[in-house]
Amino acid sequence: MASAEDLSGARAPLYAARRGVYPKAVSGPFRRFKWAIMGVTLAIYYGTPWMRWDRGPYAPDQAVLVDLANRRFYMFQIEIWPHEFYYVAGLLIMAGIGLFLVTSAVGRAWCGYACPQTVWTDLFQHVDRLVDGDRNAQVRLANGPWSFEKISKRTIKYLIYLTIAFWTGGAWIMYFADAPTLTHDFWTGQAAPIAYGTVAVLTATTFILGGFLREQVCIYMCPWPRIQTAMMDEKSLLVTYKDWRGEPRGSVKKAMAHPGAFGDCIDCNQCVAVCPTGIDIREGPQIGCITCALCIDACDGVMAQVGRPRGLIDYCTLDDAAAEKAGGQARPALRTLLRPRTLIYLGVWSAIGAAMLFSLGQRTRLDLAVQHERSPLHVQLSDGHVRNNYTLKLRNMETRPRRVAVSVSGLADAVLWTEGGTREGAGRTVSLTLAPDSVTRVRLFIAAPGTGPARQDFTISTRGLDGDPRGDSDIIQFDRPGSGQ
Ligand code: SF4
Ligand code: SF4
C-alpha cells in the first residue's frame, strides 16, 4: 500500500481500511441547527420541481426547469436561452466564491451542514438509529452473528435506504421535464429510457455513497478538504478541542482524588461517540473533521453534567487558540468574520451578483441577427434601383406573441418588404408578428437607388410594438453593381 512519510520520518498509509462508524444520537443547539438545515435542503431538493409558476399559455408552468429538449432554463420569472448561458456560468462562479467566503469565515461549514453527502449520510444514520437502535445496539448488531434479528433489521434498513435513494434519483429527473407529466409517464412505462437509466444510476450511487461509503467520501474521494486549506488562515473558525484547558484528561473520580492535577476533559469519549466521521477531535485538526460541531453539543452536555463551563470543544480560530493558551481572550466573533479576506470574497461575490442582476434587468427579449444573401449579391431593377436580399433571424424571448417593427436607417430612400409582399406600396418599415418564445426566420428585400457607394453600411433595427419597445439592431452592407462581388 502507498504510504507518506511524516515530519518524524514515520510512514503512514495513504488509505486506512474503513472502521465501522456508529454515531450516537446527540442533542444540543448545533444538532438542532443541523436538523433545520437538513429539513430545508431536503425540502428544496424534493419539493422544487413541484412548484408551479404561471408564465402564460406559451411556456411551461414549472418554477425551475432545465428544458433540454427546447434548450431553455427556467428559474421562476427568469428564462435563460442557450446564448445567455453566461448567466448560469455567473451563478456557478458565485457559488464557488460563496464557498470560498464560507470556508474562510467558518471553515468547513458547508461540509458539516449543507453538502449533499453530509445531508444524505445524516439521513441514513437516522435510519440506522430508527431500525437498529442507538450506537450500542448498532455495534452489538454489527459484531453479532447473522441471527434472524440481524437479517430482518438489515433487510428493513436496506429497503429504507433503497426507497430514499430511489426518491432522490426520481426527484433529480423532475428538474428536466414537467414533474407531474414525467411522474405519470415514469410509472406507466412511457418515459424516455434516459429517465429510467438516470434514476437507476442515482439510486445506486445514493445507496452506496450515503448508505455505506459515508465518511470515506469526505476523507478520500472529495477534493474539497484539500482545496479548502488555501482559503483558510489562522483567523478561520475551526472546531477545536482546547487541550490547554482539557489536559491532562482524567475521570471525575481521579480529579476529585487529585485536585488540580487534571484538566476539564473527563475522557468520557462522548465527543468521539457522536462524531459522524468517527474521529477524535482531541487529536487536533484533521481532514476527517467536517466541522459539524456535534462533538461540541456532546461535550457541552458532559460539562453541564459535571458542573464545568461549556466550550471545552468549541469553534475557535488558531489565533484565538494561541491567545487563550497564553491566558488572553478570544476576539469578538464579528471581528473574526469581518476581515480583509472575507470582505474581499464578499465584495467580489456581491459585485458579480449585482452585475448579473443589472444585466438581467437591462436585457432585451427581442434579438436580431441579419445575414446578407450572397447569391445574387444584388439585383439591378428596371427603374435604376438596386435590390439586396437578407435573411433575418428574429428571437422573441418572451413567452407571448410579439408584434415588432423592422426598419432601416443609414440607407437613403430605401424601401423594404418581406417574402410574399411586393415593392409596390413598400415603406421604410415592415411589421411582423413573432410566435412566443421562438426563433423566426424572415426573408427581407431592400431596394435603394442605384446611385451611391458600391458597398454601403446601414442598420436594420427592430422595435417592439406592444409592451417593451426595446429591440435590437444589426449593421450590414448594401451592395450595388461594381462592389467587387
Ligand atoms: S466529550 Fe468532552 S469531556 Fe468527554 S472526552 Fe470529549 S472532550 Fe473530554
Ligand atoms: S470532530 Fe466534531 S466537528 Fe469534526 S466531524 Fe466529528 S463531530 Fe463533527
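Shown above is the structure to which this text applies.
Remember, predicted model here, so these are calculated numbers, not experimental data. (Residues numbered from 1 in each chain as written. Chains lettered and ligands numbered in written order. Predicted model: local features only at pLDDT ≥ 70, side-chain atom pairs only at ≥ 80, totals over all residues. Heavy atoms only, no water.)

## Quick look at the side chain of E398
Link 1 in the chain: Within the secondary structure, E398 is located in the loop between β10 (385-396) and β11 (402-409).
Link 2 in the chain: For E398, a relative accessible area of 16% gives the class buried.
Link 3 in the chain: A polar atom in the side chain of E398 sits 2.5 Å from the side chain of R400.
Link 4 in the chain: A polar contact is formed between the side chain of E398 and the side chain of R402, at a distance of 3.4 Å. (Helix = DSSP H or I, 4+ residues; strand = E, 2+ residues; numbered from the N terminus. Buried < 20%, exposed > 50% of the residue type's maximum accessible area, 1.4 Å probe, protein only. Polar contact = N/O pair within 3.5 Å; in protein donor to acceptor, adjacent residues only side chain to side chain.)

## Structural notes on the site of ligand 1
Link 1 in the chain: Close to ligand 1 lie 13 residues; C265, C268, N269, C271 and C299 are nearest.
Link 2 in the chain: Among the secondary structure elements, those contributing two or more residues to the shell around ligand 1 are α13 (270-273) and α14 (294-306).
Link 3 in the chain: Among the residues making up the shell around ligand 1, the classes are represented as nine nonpolar, two polar and two charged. (Near = heavy atom within 4 Å. Nonpolar A, V, L, I, M, F, W, Y, C, P; charged D, E, K, R; others polar.)

## So, the pairing of strand β4 (residues 72-75)
Link 1 in the chain: Of the two faces of β4, only the one carrying R72 and Y74 is buried; F73 and M75 on the other face are not.
Link 2 in the chain: Between the antiparallel neighbours strand β3 (residues 64-67) and β4 lie four residues, among them R71 with a positive phi of about 55°.
Link 3 in the chain: Bridge analysis of β4 against strand β5 (residues 78-80) gives three bridges, and the strand direction is antiparallel. Bridge pairing in β5 links F73 to I80.
Link 4 in the chain: Hairpin connection, β4 to β5: the antiparallel pair is bridged by two residues, and F76 has positive phi, about 50°. (Pairing = 2+ DSSP bridges.)

## Points about the pattern of salt bridges
Link 1 in the chain: All told, the structure shown has 35 salt bridges when counted by the stated rule.
Link 2 in the chain: Across the pair R363 and E84 runs a salt bridge, and its minimum N-O distance is 3.2 Å. Here R363 is found in the loop between α17 (340-362) and β8 (366-372), whereas its partner E84 is found in the loop between β5 and α2 (86-106), with 279 residues between them in sequence.
Link 3 in the chain: Among the residues examined, R363 registers a relative accessible area of 14% and is labelled buried.
Link 4 in the chain: Linking R140 and E149 is a salt bridge whose minimum nitrogen-to-oxygen distance equals 3.8 Å.
Link 5 in the chain: In the salt-bridge network here, residues are joined through shared partners; they are D128, D132, R154, K157 and R214. (Salt bridge = Lys/Arg side-chain N within 4 Å of Asp/Glu carboxyl O.)

## Some words on the packing of aromatic side chains
Link 1 in the chain: A complete count under the given rule lists 27 aromatic pairs for this structure.
Link 2 in the chain: Site record: aromatic cluster; members linked through ring pairs are Y45, Y46, W120, W172, Y175 and F176.
Link 3 in the chain: Looking at R72, its charged tip hangs above the ring of W81, at a distance of 3.5 Å from the centre.
Link 4 in the chain: The residue whose ring lies beneath K150 is W146, and the NZ or CZ to ring-centre distance is 4.5 Å. (Phe/Tyr/Trp six-rings, centres within 6.5 Å; stacked < 30°, edge-to-face > 60°. Lys NZ or Arg CZ within 6 Å of the ring centre and 35° of its normal.)

## Thoughts on the sheet that holds strand β13 (residues 429-434)
Link 1 in the chain: Read from one edge of the open sheet, four strands run β13-β11-β15-β16, paired in antiparallel fashion. Whereas interior strands pair on both sides, the edge strands pair on one side only; in this sheet they are β13 and β16 (473-479). The average angle at which neighbouring strand axes cross in this sheet is 30°, direction not considered.
Link 2 in the chain: Of the strand pairs in this sheet, β11 and β13 are connected by six bridges, and their pairing is antiparallel. Counted as the bridge partner of V406 is V430 from β13. (Axes fitted to C-alpha atoms, helices over the stretch in contact; angles between N-to-C directions.)

## Here we look at the sheet that holds β3
Link 1 in the chain: In spatial order, the strands read β3-β4-β5; together these three strands make up an open sheet with antiparallel pairing. Both edges of this open sheet fall to β3 and β5, since each of them pairs with a single strand only. Neighbour to neighbour, the strand axes of the sheet diverge by 10° on average, direction disregarded.

## Some remarks on the environment of S375
Link 1 in the chain: Along the polypeptide, S375 turns up in the loop between β8 and β9 (379-380).
Link 2 in the chain: By relative accessible area, which is 69% here, S375 ends up exposed.

## What about helix α6 (residues 148-173)?
Link 1 in the chain: Across its 26 residues, α6 extends 38 Å between first and last C-alpha, which sits within 8% of the 38 Å expected from 1.5 Å per residue.
Link 2 in the chain: Restricting attention to buried positions, one finds in α6 the residues K150, K153, R154, K157, Y161, I164, A165, T168, G169, G170, A171 and I173.
Link 3 in the chain: Lining the buried residues of α6 we find α1 (29-47), α4 (116-132), α5 (135-143), α7 (179-187) and α8 (193-213). (Expected span 1.5 Å × (residues − 1). Contact = heavy atoms within 4.5 Å.)

## A short note on a nonpolar patch on the surface
Link 1 in the chain: The grouping of L334, L337, L338, L343, L346 and W349 at the surface amounts to a nonpolar patch, some 520 Å² of accessible area in total.
Link 2 in the chain: Mapped by element, the contributors of at least two residues to the nonpolar patch are α16 (333-337) and α17.
Link 3 in the chain: No other element matches α17, which puts three residues into the nonpolar patch.
Link 4 in the chain: Looking at the secondary structure, you find L337 in helix α16. (Patch = residues over 30% accessible without salt bridge, like charges linked within 9 Å, V, L, I, M, F, W, Y side chains within 5 Å. Areas by Shrake-Rupley, 256 points an atom, 1.4 Å probe, with all protein chains shown as cover.)

## Let's talk about the nonpolar core
Within soluble globular proteins, side chains that are nonpolar tend to cluster in buried spots.
Link 1 in the chain: Of all hydrophobic cores here, the largest spans 24 residues; its most connected members are L392, L444, I446, F458 and I460.
Link 2 in the chain: Elements with a contribution of two residues or more to this core: β8, β10, β11, β13, β14 (438-449), β15 (455-464) and β16.
Link 3 in the chain: Once residues lying within four places of it in the same chain are set aside, the contact partners of I460 are L368, V370, L392, V406, S407, V408, L444, I446, D472, S473, D474 and I476.
Link 4 in the chain: Membership of the second largest hydrophobic core comes to 22 residues, among which are C271, C275, I279 and C295. (Core = buried A, V, L, I, M, F, W, Y, C linked by side-chain atoms within 4.5 Å.)

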